[in-house]
Amino acid sequence: MKNKLIVCLLCGLMSASFTAAKKPGFAVWQLCAQGPSQMNSYVFVTDRGRVVVLDGGTAADAPFLRGFVAALGNRVDKWIVTHPHVDHMGALTEILKDPRQMIIDTVYQSPMTDEQLRTDMNRKKLADAYYEALRDSGLPVVNLTEPGLEMKIDGMNLKVLGVAHPSILTNAYNNASIVLRVWDRKKSMVFLGDTGVESGKMLLEGTYKPLLDCDYLQMAHHGQQGCDEHFYKSIRFRACLWPTPLWVWNNDVGEGFDTAYMKTIETRRWMDEIGITEHYISWQGIVKIE
Ligand SMILES: [Fe+2]
């Protein structure tokens, strides 16, 4: 596996370079889990030093993320939440309840319907806690109800390719994921969040299908049981971003390689079949791509 820059977990804050992107455009870090859970967390910094966070991980990831954002100036221009699962909005929920010195300018999300939220009552409680913390924070919130929003932040471009679709009740939370394209003059990235088979199909059938082709693709749902084989084999990309802890990567919860319930090995096989050789996997450490 080829990696551009792996920052050791233990010395991450010592050796990561907390500066704005050196060339016009942006740099992005894929962070890794600080707790046992899988999580999804990306921090972008533009050539002028503005910061965007995508998800942020679980509550257990909040302390590390606070330090990471503080080192970048402690101001987040845009915080984008793909969907209200705790491995995506748990850290933000903690930060909203106790922001300390962190300034967040705007939160972007895509609202799920009550019917969708009620498809999983246990997770609804956690989603409600996030919504309550967001409401109590008084922060400006942009609720995305359709794809197409395009934003330019210094040399970084963002376009929303997918949002929650009210008709999808299967795997409703994951399928509600915002899908985001981020690019500059040098590179393009697509972040799928936890997109499932159903919303993946809608993406392939939608207007923005050509914009799914990219240099770096974030693997849906931590690399397993997200988008299906047809999805991955219908678009073109050069490298994979895996927000995936080791136990998910190996489908191993203690009984050995590929013995648990996850489908990661199948996704890894698809990537081999496509011919992808460039992988950035979060269990290996923080990676910075510029
Ligand atoms: Fe997730």
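An unreviewed UniProt entry lists the chain under the name MBL fold metallo-hydrolase, with Alistipes hominis as the source organism.

S.K.: Which residues make up the sheet that holds strand E8 (residues 150-153), and what values go with them?
M.R.: Pairing is mixed in the open sheet, where 7 strands are placed in the order E8-E9-E10-E11-E12-E13-E14. Single-partner strands in this sheet number two, and they are E8 and strand E14 (278-281). The mean angle between the axes of side-by-side strands here comes to 20°, regardless of whether they run parallel or antiparallel. Sheet topology note: the E8/strand E9 (residues 156-162) ladder contains 4 bridges and is antiparallel. Considered in E9, the bridge of Ile153 is made with Met156.

S.K.: Describe helix H5 (residues 121-137), naming the residues involved and giving the relevant values.
M.R.: Between the first and last C-alpha of H5 there are 24 Å, a value that for 17 residues agrees with the 24 Å anticipated at 1.5 Å per step. Listed in full, the buried residues belonging to H5 are Lys124, Ala127, Tyr130, Tyr131, Ala133 and Leu134. Buried residues belonging to H5 abut helix H3 (86-97), strand E6 (103-109), helix H4 (114-117), strand E7 (141-143) and helix H6 (172-175). For H5, the N-terminal capping position is held by Asp120, with its side-chain oxygen 3.3 Å away from the main-chain nitrogen of Asn122. A positive backbone phi angle near 70° is found at Gly138, which sits one or two residues after H5.

S.K.: Go over the pattern of salt bridges, please, and point to the residues and values.
M.R.: Any two side chains of opposite charge can pair, so long as their charged atoms come close to each other. Evaluation of the coordinates by the stated rule reveals 18 salt bridges. Taking the shortest distance from any N to any O, the salt bridge between Asp77 and Lys78 comes out at 3.5 Å. The exposure class assigned to Asp77 is buried, which follows from its relative accessible area of 14%. Given a relative accessible area of 13%, Lys78 falls into the buried group. In this structure, Glu150 engages Lys159 in a salt bridge whose closest nitrogen and oxygen atoms are separated by 3.1 Å. Among the charged side chains, a network of salt bridges with common partners joins Arg50, Asp77, Lys78 and Asp154.

S.K.: Explain the coordination of the iron ion to me, using residue names and the numbers behind them.
M.R.: In the first shell of the iron ion, the protein supplies Asp87 (OD), His88 (NE2), Asp194 (OD) and His222 (NE2), at 2.1 Å from the metal. Geometry at the iron ion is irregular, judged from its 4 donor atoms and the angles of 82 to 159° they form at the metal. For the iron ion, the donor residues sit on a single chain with the sequence spacing D-H-x105-D-x27-H. Linking Asp87 in helix H3 with Asp194 in the loop between strand E11 (188-191) and helix H7 (197-205), this pair joins segments that are 107 residues apart in sequence. Across the pair, Asp194 and Asp87 agree in class, each one buried.

S.K.: Which residues make up the packing of helix H2 (residues 62-71) against H3, and what are the values?
M.R.: At a closest axis distance of 9 Å, the pairing of H2 and H3 adopts a crossing angle of 70°. By the angle between their directions, the pair H2 and H3 is classed as roughly perpendicular. Taking contact as the criterion, the partners of Ala62, Leu65 and Arg66 in H2 are, on H3, Ala91, Glu94 and Ile95.

Conventions adopted
- The numbering scheme is per chain: residues are counted from 1 as the chain's sequence reads.
- Where local features are concerned, this predicted model is filtered to residues with pLDDT of at least 70; where side-chain atom pairs are given and counted, the filter is 80 or more; whole-chain, interface and lining totals use all residues.
- Side-chain metrics in this entry use all non-hydrogen atoms of the structure; hydrogen atoms and water are not considered.
- Two strands are said to pair when DSSP picks up at least two bridges between them.
- Numbering of helices and strands runs from the N terminus, with a helix taken as a DSSP run of H or I at least four residues long and a strand as a DSSP run of E at least two residues long.
- Interaxial angle, 0 to 180 degrees, is taken between N-to-C directions of lines fitted to C-alpha atoms, where a helix line uses only the stretch in contact.
- Take the number of residues in a helix, subtract one, and multiply by 1.5 Å to get its expected span.
- Categorising residues by exposure relies on relative accessible area from a 1.4 Å probe, with only protein chains included: less than 20% of the type maximum marks a residue as buried, more than 50% marks it as exposed, and the intermediate range marks it as partly exposed.
- A contact between two residues is defined here by any heavy atoms of the two lying within 4.5 Å.
- Contacts described as polar in this section are N or O atom pairs within 3.5 Å, which, within protein, must combine one atom able to donate a hydrogen with one able to accept it, while residues neighboring in sequence count only if both atoms come from side chains.
- Criterion for a salt bridge: a side-chain nitrogen of Lys or Arg within 4 Å of a carboxyl oxygen of Asp or Glu.
- Each metal site is built from N, O and S donor atoms within 2.8 Å (3.2 Å for Na, K and Ca), and since water is not included, such sites may look incomplete.
- For a four-donor site, all angles between 85 and 135 degrees give tetrahedral; for four or six donors, opposite pairs above 155 degrees with the remaining angles between 65 and 115 give square planar or octahedral; all remaining cases count as irregular.
- Note on terminology: angles under 35 degrees are roughly parallel, angles over 145 are roughly antiparallel, angles of 65 to 115 are roughly perpendicular, and the others are oblique.

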